[in-house]
Amino acid sequence: MIDVQPTLNDKEVFDFIHNGYIILESIIDEDFNSKCQTLSSGHLTDFIQSRSFRQNVLLHPKVAGVARSLLGPNFTLPTSAHNHLYEHPHEGQTLHSDGLTESGYGITHLQCYYYPQLVEIEDGPTIVVPGSHQRLVDREAIAHYGNITGQVCLTVPAGTVVMTHYGIWHKAGPKINQKKRSMIKFSFFRTQPPKRDWVIESDEVPTYQHSGRHRYVTEVESYRDRRRGEYTWNWLCGLTEYQAEYHPARMFVAGIPLNQIQL
Ligand SMILES: O=C(O)CCC(=O)C(=O)O
Ligand SMILES: [Fe+2]
């Protein structure tokens, strides 16, 4: 099987649990970014399964290292992706979580946003709400929300990959220029029960460290966040009963386990 080393340590796993995303800035090779800027909008299949996309993006040691850390050794590589390409000005999307987001404390699905070009505020960056990923809501309920204190505009350098918990609330922000802005979205899934096999210094499992209140939440909600974080941490460390789950989004987003991939 292709050797992928985990990259996250306990503290970085805490941060992912707390925020629901991790930003890997400017990691993809410039020539490959340029190549991706010529892709057409919408569904992508052959290109995503190509050796060059696998080598440059999916198996980039930092991208695969996060997938390996949070989803275990035999995570799936995607066979398709979606290019969210905007060119003309638009007023932005409404806040939402994607299709088949569901409740539950585990981490089984990482949805990734790859930006092959620089994204500035005028370009309509994706906006995410840190810590929103464990709050299952219906899309209509949050679609009318405006800006939320503490939301993060993903204004990022070319070649950035943002890896998110599938449930995170997000939207494409308003765009006021005619520049092309692409975001290639793809997913990794877990295939095995979790265990604490990321980068560890000692076998002793630390207790979950809550990073405090997100800017938009009250004390009580923050307490709930802490409890939810503890459940996720314990689940990831293999301390709670694991029931094999087939993430519902996998009905639409296929993947091939790493142990079946040959480059
Ligand atoms: O393009 C973006 O920034 C976000 C797109 C998105 O979230 C969607 O279409 O579901
Ligand atoms: Fe979305």
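Rules used in this analysis
Residues numbered from 1 in each chain as written. Chains lettered and ligands numbered in written order. Predicted model: local features only at pLDDT ≥ 70, side-chain atom pairs only at ≥ 80, totals over all residues. Helix = DSSP H or I, 4+ residues; strand = E, 2+ residues; numbered from the N terminus. Contact = placed C-beta atoms within 7 Å. Near = placed C-beta within 6 Å. Nonpolar A, V, L, I, M, F, W, Y, C, P; charged D, E, K, R; others polar. Pairing = 2+ DSSP bridges. Axes fitted to C-alpha atoms, helices over the stretch in contact; angles between N-to-C directions. Core = buried A, V, L, I, M, F, W, Y, C linked by C-beta atoms within 7 Å. Buried ≥ 20, exposed ≤ 12 C-beta atoms within 10 Å, placed from the backbone.

A. Layout of the environment of Leu-59. Topologically, Leu-59 is positioned in the loop between helix 3 (51-58) and helix 4 (61-71). When the C-alpha positions of Leu-59 and Thr-207 are compared, they lie 31 Å apart, and in sequence the two are 148 residues distant. Excluding its chain neighbours within four sequence positions, the residues that come into contact with Leu-59 are Ile-2, Arg-54 and Ala-64.

B. Spotlight on the site of ligand 1. Taken together, His-84, Asp-98, Thr-126, His-170, Ala-172 and Met-183 are the residues near ligand 1. Class assignment for the residues of the shell around ligand 1 results in two nonpolar, three polar and one charged.

C. Quick look at the sheet that holds strand 5 (residues 109-115). As summarised here, the arrangement of the six strands in space is 1-8-5-10-4-2, forming an open sheet in which the pairing is antiparallel. Pairing within the sheet leaves two strands with one partner each, and these edge strands are strand 1 (21-24) and strand 2 (42-44). The sheet shows a mean angle of 20 degrees between the axes of neighbouring strands, taken without regard to direction. Bridge analysis of strand 5 against strand 8 (residues 160-165) gives six bridges, and the strand direction is antiparallel.

D. Focus on the sheet that holds strand 7 (residues 152-153). Across the sheet, which stays open at both edges, the three strands sit in the order 7-6-9 with antiparallel pairing between neighbours. Looking at strand neighbours, the two that pair on one side only are strand 7 and strand 9 (170-172), the edges of this open sheet. In this structure, strand 6 (residues 126-128) lies alongside strand 7, joined through two bridges in antiparallel fashion. Across the sheet, the residue bridging to Ile-127 is Cys-153, located in strand 7.

E. Examining the nonpolar core more closely. Core analysis: the largest hydrophobic core is formed by 50 residues, its most contacted members being Val-63, Ala-67, Leu-71, Cys-112, Val-161 and Met-163. Tallying contributions element by element places helix 4 first for this core, with six residues. Apart from the residues within four sequence positions on either side, Ala-67 is in contact with Phe-75, Leu-110 and Phe-188.

F. Here's a closer look at the environment of Gly-238. Mapped onto the fold, Gly-238 is located in the loop between helix 6 (219-236) and strand 11 (255-257). Considering only alpha carbons, one finds Gly-238 and Pro-194, 44 residues apart in sequence, at a separation of 5.3 Å. In contact with Gly-238, not counting residues within four places along its chain, are Pro-193, Pro-194, Lys-195 and Arg-196.

G. Main features of helix 4. Counted residue by residue, helix 4 has eight buried out of 11 residues, so it is predominantly covered. Of all the residues in helix 4, the buried ones are Val-63, Ala-64, Val-66, Ala-67, Arg-68, Ser-69, Leu-70 and Leu-71. Immediately beyond the C-terminal end of helix 4, within one or two residues, lies Gly-72, with a positive phi of roughly 90 degrees.

H. Representation of unusual backbone geometry within the structure. In this structure, Ser-26 is a non-glycine residue whose phi angle is positive, near 55 degrees. Judged by the 15 C-beta atoms lying within 10 Å of it, Ser-26 is partly exposed.

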